[in-house]
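# Residue-level structure breakdown
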Amino acid sequence: MFKFETLFRSDRSRARLGRVHTAHGVIETPAFIFCGTKANVKGITVDQLEAAGTQIILSNTYHLMLQPGSETIKSAGGLHKFTGWNKPMFTDSGGFQVFSLGYGGVASEIKGSGQRGKKRTLLKITDDGAIFRSYVDGQLITLTPERSMQVQMDLGADIIVAFDECTPYHTNKFYTATAMEKNQCWGKRCLNILKEYGNGSQALLGVIHGGVYEDLRYESAMAANNEAYDGFAIGGSLGKTRREMWEIVNMTSSWLDRSRYVHLLGIGGIEDIFHGVQCGIDTFDCVAPTRMARHGAAIVKRKELRGDNGRINLNNTAFRGDMDPVSSDCDCYTCKNFTRAYIHHLLKAKEILAGTLLSIHNIRTMNQLMEDIRNSLAADNIAAAIAEWCGE
Ligand SMILES: [Zn+2]
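Predicted model only: the values in this text are computed from it and were never measured.

Let's shift gears to the overall build of the protein. Along the protein, the regular secondary structure elements total 16 helices and 16 strands. Here the C-alpha radius of gyration of the protein, 20 Å, is about what a compact globule of 392 residues would show, namely 21 Å. Considering only C-alpha atoms, the protein reaches an extent of 60 × 50 × 40 Å along its principal axes. Within the protein, the proportion of its 392 residues that are buried is 57%. Contacts spanning at least 24 positions in sequence make up 65% of the contacts within the protein whose residues lie at least 6 apart.

Structure (structure tokens):
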């Protein structure tokens, strides 16, 4: 039931317009996948998600296997029925959280920005999988490729990911190479499980590793090309700086089989998306748009910025008497009905509605960004969209 088709290829870069067909509908690509970590996008109903033009959301295998447990979700009829979201859905393999939480850091550690001194939950990594302690009830849990696939089959998302060890930035080349080879074996085991027990509706992505090392990235990409994955996810450490990340994404994507779908894991800055699209990335995911919203930040186009970090902070006193909408260009529920002054007030009064209204805006804005990118690609003029969003 899964099919990826390319509708248009740019002459100027590897950018492409595509269509991903799933059992729960079609995703027009390039597209953004919103994080519904624990089977919900925080503070947002599925109706609000849909009204903001959302095509696909992601849930985390790791969190759901700990709470409420994949058996509960399976008996509810799968994630779609459990959450009421009837459109395409994506689950990750659990590997990213097992290893990122386990190394004592958080997601940022994998991306290279350093330890944060959190308690280690990962106890042991073997050739078979990982043993870690549940943050919910302290239980010891073994996550193997087979277990990850079983959980992801219980959850029933349309696009799922092969179980992988996600190595952080500071690991050396030998360790990164060893983990990459192990991930290749784990990927094969995931493919076998899906072939044997799957219902034929789930697409499996192989994860491309190799950290910051060009030869390892090449080897990982080539090995994945030779497997029967429905698509690829570029994962692992993408370096310490934005430039380094762009270089790794550029070279890695250049080696992948162009007939298959490509996802970039955990990256969602506007400039990073423009760069990724030009490398041939089809989908992106990141917690930032909704996390930022809960902290009072609204994503806006270049002309509305008061600085150059891609967002305005509605906590700022400057917005206290500002009777304009968050963005004058935006057609979202929040911008059509409320002022910056109102949202500033809700934030100051610590009302949860502030996070909901800003999440609606940021979700709509990311969807608008991807629509603009798709429209600009159809005219093979992505520069026009870059000028509007980034001003470069
Ligand atoms: Zn808006």
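Attention now goes to the side chain of S327. Among the structural elements, S327 can be located in the loop between β16 (311-313) and α13 (333-337). On the basis of relative accessibility, which here comes to 6%, the residue S327 falls in the buried class. Ignoring any residue separated from it by four or fewer positions in sequence, one finds S327 in contact with V300, E304, C335 and H361.

This part is about the coordination of the zinc ion. Bound to the zinc ion are the protein donor atoms C330 (SG), C332 (SG), C335 (SG) and H361 (ND1), situated 2.1 to 2.3 Å from the metal. The class for C335 is buried, based on a relative accessible area of 8%.

Moving on, we come to the domain arrangement of the protein. The assigned domain composition of the protein is domain 1 (53-256) and domain 2 (295-389). For domain 1 and domain 2, the distance between their C-alpha centroids amounts to 31 Å.

Once that is clear, we can look at the pairing of strand β1 (residues 3-9). Here 6 bridges tie β1 to strand β2 (residues 16-22), and the two strands are oriented antiparallel to one another. Paired with K3 across the bridge in β2 is H21.

The 3 strands lie next to each other as β7-β8-β9, forming an open sheet whose pairing is antiparallel. With one partner strand each, in any of the chains shown, β7 (122-125) and β9 (140-143) form the two edges of the open sheet. Taking the axes of each pair of neighbouring strands and ignoring which way they run, one obtains an average angle of 20° across the sheet. Relative to β9, strand β8 (residues 130-133) runs antiparallel, the two being bridged by 4 bridges. In the strand pairing of β9, A130 is matched with L143.

Our next topic: the pairing of β8. Residues of β8 alternate between two faces, with A130 and F132 buried on one and I131 and R133 left unburied on the opposite face. Bridge analysis of β7 against β8 gives 3 bridges, and the strand direction is antiparallel. When the sheet's bridge partners are listed, K124 is paired in β8 with I131. A loop of 4 residues connects β7 with β8, the two strands running antiparallel in sequence. Between β8 and β9, which pair antiparallel one after the other, the connecting turn spans 6 residues, and G138 there sits at a positive phi close to 80°.

The next subject is the sheet that holds strand β3 (residues 25-29). With antiparallel pairing, the 3 strands of this open sheet are ordered in space as β1-β2-β3. The open sheet has two edge strands, β1 and β3, and neither has a second partner. On average, each strand axis in the sheet is inclined to that of its neighbour by 15°, with strand direction left out of account. Running at roughly 125° to β2, helix α15 (residues 352-378) makes contact with β1, β2 and β3 of the sheet.

Take helix α11 (residues 270-279) next. Most of α11 is tucked away: 8 of the 10 residues are buried. Along α11, the residues that are buried comprise I270, D272, I273, F274, H275, G276, V277 and C279. Remark: G280 follows α11 within two positions and exhibits a positive phi of approximately 100°.

Of the residues making up helix α14 (residues 340-348), those classed as buried are R340, A341, I343, H344, L346 and L347. Those residues of α14 that are buried lie in contact with β16, α13 and α15. Once α14 finishes, K350 follows within two positions and takes phi at roughly 55°, a positive value.

This part takes up the environment of G77. Along the polypeptide, G77 turns up in the loop between α3 (70-75) and α4 (79-83). Sequence separation between G77 and L155 is 78 residues; the distance between their C-alpha atoms is 8.5 Å.

Calculation criteria
- Residues numbered from 1 in each chain as written.
- Predicted model: local features only at pLDDT ≥ 70, side-chain atom pairs only at ≥ 80, totals over all residues.
- Heavy atoms only, no water.
- Helix = DSSP H or I, 4+ residues; strand = E, 2+ residues; numbered from the N terminus.
- Rg over C-alpha atoms; globule rule 2.2 N^0.38 Å.
- Buried < 20%, exposed > 50% of the residue type's maximum accessible area, 1.4 Å probe, protein only.
- Contact = heavy atoms within 4.5 Å.
- Donors = N, O, S within 2.8 Å, 3.2 Å for Na, K, Ca; no water.
- Domains from an automatic or database assignment.
- Pairing = 2+ DSSP bridges.
- Axes fitted to C-alpha atoms, helices over the stretch in contact; angles between N-to-C directions.

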